[in-house]
Amino acid sequence: MTVIANHLPTEELQRLDAAHHLHPFTAGAELKAKGARVITRAEGVFLTDSDGNRMLDAMAGLWCVNIGYGRKELAEAAYAQMLQLPYYNTFFQTTHVPAIALAKRLADLAPGDLNHVFFAGSGSEANDTNIRLVRHYWAAMGKPGKRVIISRKNAYHGSTMGGASLGGMEPMHEQGGLPLPDIVHIGQPHWYVEGGDMSPEAFGLMRARELEEAIGRLGEDRVAAFIAEPIQGAGGVIIPPDSYWPEIQRICDAHDILLIADEVITGFGRTGAWFGSQALGIRPDIMTIAKGVTSGYQPLGGSIVADGVAEVVNEAGDFNHGYTYSGHPVAAAVALENLRILEEEHVLAHVRDVAGPYLAEEWAGLAEHPMVGEAKSFGMLGGLQLTPDKRTRAAFDAPAGTVGLRCREICFRNGLVMRHVGDRMIISPPLVITAAEIDLLVERAWASIDEACDQIKADGLFAAGPGVSENA
Ligand SMILES: *Cc1c(COP(=O)(O)O)cnc(C)c1O
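In this report, we go over the structure that sits alongside the text. (Residues numbered from 1 in each chain as written. Predicted model: local features only at pLDDT ≥ 70, side-chain atom pairs only at ≥ 80, totals over all residues. Heavy atoms only, no water.)

1. Digging into the overall build of the chain
Inference 1: Scanning the chain from terminus to terminus reveals 17 helices and 17 strands.
Inference 2: The C-alpha atoms of the chain give 22 Å as radius of gyration, which agrees with the globular expectation for 472 residues (23 Å, within 12%).
Inference 3: Reported as C-alpha extents along the three principal axes, the dimensions of the chain are approximately 65 × 60 × 45 Å.
Inference 4: For the chain, the residues scored as buried account for 53% of the 472 residues in total.
Inference 5: Looking at the chain as shown, the accessible area adds up to about 20300 Å², and 55% of this sits on carbon and sulfur atoms.
Inference 6: Taking the average location of the 38 positive side-chain charges in the chain and that of its 58 negative ones, the two points are 2 Å from each other. (Helix = DSSP H or I, 4+ residues; strand = E, 2+ residues; numbered from the N terminus. Rg over C-alpha atoms; globule rule 2.2 N^0.38 Å. Buried < 20%, exposed > 50% of the residue type's maximum accessible area, 1.4 Å probe, protein only. Areas by Shrake-Rupley, 256 points an atom, 1.4 Å probe, with all protein chains shown as cover. Lys, Arg positive; Asp, Glu negative; His and termini not counted. Charge placed at Lys NZ, Arg CZ, Asp CG, Glu CD.)

2. Some words on the side chain of Arg152
Inference 1: With respect to the secondary-structure elements, Arg152 resides in strand β5 (residues 148-152).
Inference 2: Buried within the structure, Arg152 lacks any salt-bridge partner; Glu229 is the closest side chain of opposite charge, at an N-O distance of 4.7 Å.
Inference 3: The contact partners of Arg152, leaving out residues within four places of it in the chain, are Gly167, Gly168, His185, Ile186, Gly187, Pro189, Phe226, Ala228, Glu229, Gln232 and Tyr244. (Salt bridge = Lys/Arg side-chain N within 4 Å of Asp/Glu carboxyl O. Contact = heavy atoms within 4.5 Å.)

3. Remarks on the pairing of strand β8 (residues 258-262)
Inference 1: With five of five residues buried, β8 is to be regarded as a mostly interior element.
Inference 2: Handedness of the β-α-β unit built from strand β7 (residues 223-228), helix α11 (residues 244-254) and β8 comes out right-handed.
Inference 3: Judged from the three bridges that link them, β8 and strand β9 (residues 286-289) form a sheet pairing that is parallel. Bridging across to β9, Asp262 finds its partner in Thr288. (Right-handed = clockwise from strand over helix to strand, strands pointing away. Pairing = 2+ DSSP bridges.)

4. Here we look at the packing of helix α5 (residues 97-109) against helix α14 (residues 329-344)
Inference 1: Two elements in contact, α5 and α14, have axes separated by 8 Å at closest approach and are oriented at 35 degrees. Helix-helix and strand crossings are classified by hand; for α5 and α14 the assignment is left-handed. In contact with Pro98, Ala99, Ala101, Leu102, Arg105, Leu106 and Leu109 of α5, α14 contributes Pro329, Ala332, Ala333, Ala335, Leu336, Leu339, Arg340 and Glu343.
Inference 2: For the contact of α5 with α14, the per-class residue count stands at 12 nonpolar, no polar and three charged. (Axes fitted to C-alpha atoms, helices over the stretch in contact; angles between N-to-C directions. Left-handed = near helix turned anticlockwise from the far one by under 90°. Nonpolar A, V, L, I, M, F, W, Y, C, P; charged D, E, K, R; others polar.)

5. Remarks on a nonpolar patch on the surface
Inference 1: Taken together, the side chains of Tyr87, Tyr88 and Tyr325 make up a nonpolar region of the molecular surface, amounting to roughly 310 Å² of accessible area.
Inference 2: Looking at where Tyr325 falls in the secondary structure, it is placed in the loop between α13 (307-315) and α14. (Patch = residues over 30% accessible without salt bridge, like charges linked within 9 Å, V, L, I, M, F, W, Y side chains within 5 Å.)

6. Comments concerning α11
Inference 1: Where α11 is concerned, the buried positions are Tyr244, Trp245, Glu247, Ile248, Gln249, Ile251 and Cys252.
Inference 2: At the C-terminal side of α11, Asp256 shows a positive phi close to 60 degrees.

7. Some remarks on the side chain of Arg135
Inference 1: Tracing the chain through its elements places Arg135 in helix α6 (residues 123-140).
Inference 2: One buried charge, Arg135, has no salt-bridge partner; the nearest side chain with opposite charge is Asp182, at 4.8 Å.
Inference 3: Leaving out residues up to four positions away in the same chain, Arg135 has contacts with Lys146, Arg147, Ile149, Pro181, Asp182 and Ile183.

8. What about the environment of Thr288?
Inference 1: Locating Thr288 in the fold gives a position in strand β9.
Inference 2: Taking the C-alpha atoms as reference, Thr288 lies 19 Å from Val184; in sequence the two are 104 residues apart.
Inference 3: Not counting residues up to four positions away in its chain, the partners in contact with Thr288 are Gly123, Ala126, Asn127, Asn130, Ile260, Ala261, Asp262, Glu263, Val264 and Gly302.
Inference 4: In terms of polar contacts, Thr288 uses its side chain to reach the side chain of Asn130, at 3.0 Å. (Polar contact = N/O pair within 3.5 Å; in protein donor to acceptor, adjacent residues only side chain to side chain.)

9. Section: the sheet that holds strand β16 (residues 424-427)
Inference 1: Strand order in this open sheet of four strands is β11-β12-β16-β15, and the pairing throughout is antiparallel. Both edges of this open sheet fall to β11 (372-378) and β15 (419-421), since each of them pairs with a single strand only. Between one strand and the next, the sheet's axes are offset by a mean angle of 20 degrees, whatever the strand orientation.
Inference 2: As defined by bridge partners, strand β12 (residues 381-386) adjoins β16 across four bridges and the pair is classed as antiparallel. Counterpart to Gly382 in the pairing with β16 is Ile427.
Inference 3: Here helix α16 (residues 402-413) sits on the sheet and contacts β12, β15 and β16; the angle it forms with β15, its principal contact strand, is near 175 degrees.

10. Quick look at unusual backbone geometry
Most peptide bonds take the trans configuration, and most residues that are not glycine carry a negative phi.
Inference 1: The omega torsion of the bond from Leu178 to Pro179 falls at 0 degrees, within 30 degrees of zero and hence cis.
Inference 2: Within the element layout of this structure, Pro179 appears in the loop between α8 (170-173) and β6 (183-186).
Inference 3: Located in the positive-phi region is Trp63, a residue other than glycine, with phi close to 65 degrees.
Inference 4: Relative accessible area serves as the criterion here: at 2%, Trp63 is assigned to the buried category.

11. Here's the deal with the packing of aromatic side chains
The relative placement of two aromatic rings is captured by the distance of their centres and the angle of their planes.
Inference 1: Within the structure shown, the criterion is met by eight aromatic pairs.
Inference 2: Taking 5.7 Å as the distance between ring centres and 70 degrees as the angle between the ring planes, the aromatic pair formed by Phe118 and Phe319 counts as edge-to-face. With Phe118 in strand β4 (residues 114-120) and Phe319 in the loop between α13 and α14, this pair connects stretches of sequence that are 201 residues apart.
Inference 3: Consider the rings of Phe268 and Phe275, whose centres lie 5.2 Å apart with planes at 65 degrees: the pair is edge-to-face. Comparing Phe268 with Phe275 shows no difference in burial state: the two are buried.
Inference 4: Directly above the ring of Tyr192 sits Arg393, whose terminal nitrogen or CZ lies 5.5 Å from the centroid. (Phe/Tyr/Trp six-rings, centres within 6.5 Å; stacked < 30°, edge-to-face > 60°. Lys NZ or Arg CZ within 6 Å of the ring centre and 35° of its normal.)

12. Section: the packing of helix α4 (residues 72-84) against α14
Inference 1: At a minimum axis separation of 8 Å, α4 and α14 run at an interaxial angle of 145 degrees. Judged by the twist between their axes, the crossing of α4 over α14 is right-handed. Touching Glu73, Leu74, Ala77, Ala78, Gln81 and Met82 of α4 are Pro329, Val330, Ala333, Val334, Glu337, Asn338, Arg340 and Ile341, all from α14.
Inference 2: Across the contact of α4 with α14, the residue classes break down as nine nonpolar, two polar and three charged.

Below you can see the structure in the form of structure tokens.
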């Protein structure tokens, strides 16, 4: 049996890693100089690295380990499925039991008439599927001109050509000639940075109405869909003003535009509901899923599609699209076991009634720190903005992200994995986190922000720059 053990010294692992492993979203030269952090095991909400350091993982890996690390039941589900049927495909009129069972389970969990699942291997792939699916749908409806998909600046929808095009991240668009044609981006509902003197509610309405303006400009007969994360994740955990989503919903309904909710982060309990759409009162036609559906124990993504859309697509002949691993039986078996645990251990109620409210209170306390302008959370998602001037919401007099990066590095040293997006610090811990672990998280966050603040002051960077706090 091949057991991947940590049999080499850390420096040797780092050297081999730098020599042969091209990393996602990483500057290779810098990595080579510093050496990657080697994670060797994990249990509950804690990671252990190759030097034996234990860290509280406030990011649940990459927003995905919803039930926490070390659940044997998922390993056993994978093992049993591999013995019974390790692989078969779902192309050309074949299927298998795990894919059937998972599709049925997801249809039951999803709100409204979202009853049909197209499986993919990841969130990016699922969003690629969505691009083709909505264009194919409108063509089948006799409206082939409806091709444009409207998304938002600073959105994250994955890293494939389609996913990155839907996303609104400029550093991603710059590499590889993106976005693809017929994808248009409007403003994000990020009040702290972009709201100026407006109230959050007025600003939320204004940003939602950019969708109506874009539809007016392009023509309703050209717009296929609007895609958005219920709460932006990778953009900086941006919780929209309450006015935003009802107005978006009204506009999509009024103009016959399909609404795609990218639930890759907000799905499977992170907001205290099964889906963020339920927590925020959104009625999507399609939901993108991945990450928490398996708690990251296996790669799996998909699109959950409404009856009306699925019927049209089913009647339109072959959908010339699919992935070798669509509905992979091992991933599907692990997803089913993960969903069973989420349900039977009442994890959603834990987020909604216990851990979520407690985190909200403790996290909000960080806003008392002199370098924190805002600290907000929703369920198990939290974001806070670092600023040298709370009153004016100013940015630092240093390139965006300078202070955030320092803060993140200090967090790591203090045993806390917290991410930075520009000068915003973000968390997305495992949903099973306890009150005592939340105390530890917030304690380490405060100490780390404090340490960063002292450093920033000593270096003369605790000064307001010309702009408002940035997070890109
Ligand atoms: C992570 C993410 C994706 C991409 O998922 P992958 O599995 O990394 O391809 C898409 N949308 C959102 C909102 C995400 O957070």
